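Listed below are the residues making up each chain.
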Amino acid sequence: MKDLYVSESTVKRIKAFNKAKERGVHIPYVRSTFMSIGTRSIFFCPVQKRVITLLGKGEKHLYITKLFEPNVIEIKEQYPLIPCGQRSHF
């Protein structure tokens, strides 16, 4: 299987995401500024004490629903996914 091309800017974003994760800080990988059309929500969550970035109404509804379930400790939105067949080299 041929390796997928990953641009240098994508590699930089993933590395920044991983460094923040190592520090215990969650930053959303996909930010709503990348969307030109659609519904997005950026708000401060009083439960998690940080800014939340959600990219649609369905995602916002699920976030609010799950946040108040007793077995949910934390919700981290917008994680980068490693393409199928790729080894993580970031």
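Residues numbered from 1 in each chain as written. Predicted model: local features only at pLDDT ≥ 70, side-chain atom pairs only at ≥ 80, totals over all residues. Heavy atoms only, no water.

Q: Just give me the short version of the overall build of the protein, but keep the residues and values in it.
A: For the protein, the count of helices and strands is 2 helices and 2 strands. Buried residues in the protein amount to 27% of all 90 residues. Considering only contacts in the protein between residues 6 or more positions apart, those separated by 24 or more positions represent 41%. Here the protein displays about 7000 Å² of accessible surface, and carbon together with sulfur accounts for 59% of that area. (Helix = DSSP H or I, 4+ residues; strand = E, 2+ residues; numbered from the N terminus. Buried < 20%, exposed > 50% of the residue type's maximum accessible area, 1.4 Å probe, protein only. Contact = heavy atoms within 4.5 Å. Areas by Shrake-Rupley, 256 points an atom, 1.4 Å probe, with all protein chains shown as cover.)

Q: Before we move on, can you summarise the pairing of strand β1 (residues 41–45) with the specific residues and values?
A: Walk down a regular strand and you will see the side chains alternate between the two sheet faces. Where β1 meets strand β2 (residues 50–54), 5 bridges bridge the pair, whose relative direction is antiparallel. By the bridge assignment for β2, S41 is matched with L54. Here β1 folds back onto β2 in antiparallel fashion, the turn holding 4 residues, of which K49 has a positive phi close to 60 degrees. (Pairing = 2+ DSSP bridges.)

Q: Requested: an account of the packing of aromatic side chains, with residues and values cited.
A: Enumeration over the complete set of coordinates arrives at 1 aromatic pair. Their ring planes at 75 degrees and their centres at 6.0 Å tell us that F43 and Y63 sit as a pair that is edge-to-face. Separated by 20 residues along the polypeptide, F43 in strand β1 and Y63 in helix α2 (residues 57–67) bring together distant segments of the chain. (Phe/Tyr/Trp six-rings, centres within 6.5 Å; stacked < 30°, edge-to-face > 60°.)

Q: Kindly report on the pattern of salt bridges, identifying the contributing residues and their values.
A: Tallied over the entire structure, the rule returns 1 salt bridge. For K66, the salt bridge identified is with E69, shortest N-O distance 3.3 Å. Residue class for E69 comes out partly exposed when judged on its relative accessible area of 28%. (Salt bridge = Lys/Arg side-chain N within 4 Å of Asp/Glu carboxyl O.)

Q: Which residues make up the environment of R50, and what values do they have?
A: Mapped onto the elements, R50 comes out in strand β2. For the pair R50 and I27, spaced 23 residues apart in sequence, the C-alpha to C-alpha distance is 9.5 Å. Discounting residues that sit within four places of it in the chain, R50 has contacts with H26, F43, F44, C45, I75, K76 and E77. A distance of 2.7 Å separates the side chain of R50 from the backbone oxygen of I75, its partner in a polar contact. (Polar contact = N/O pair within 3.5 Å; in protein donor to acceptor, adjacent residues only side chain to side chain.)

As far as function goes, none of this settles anything; it's purely spatial.
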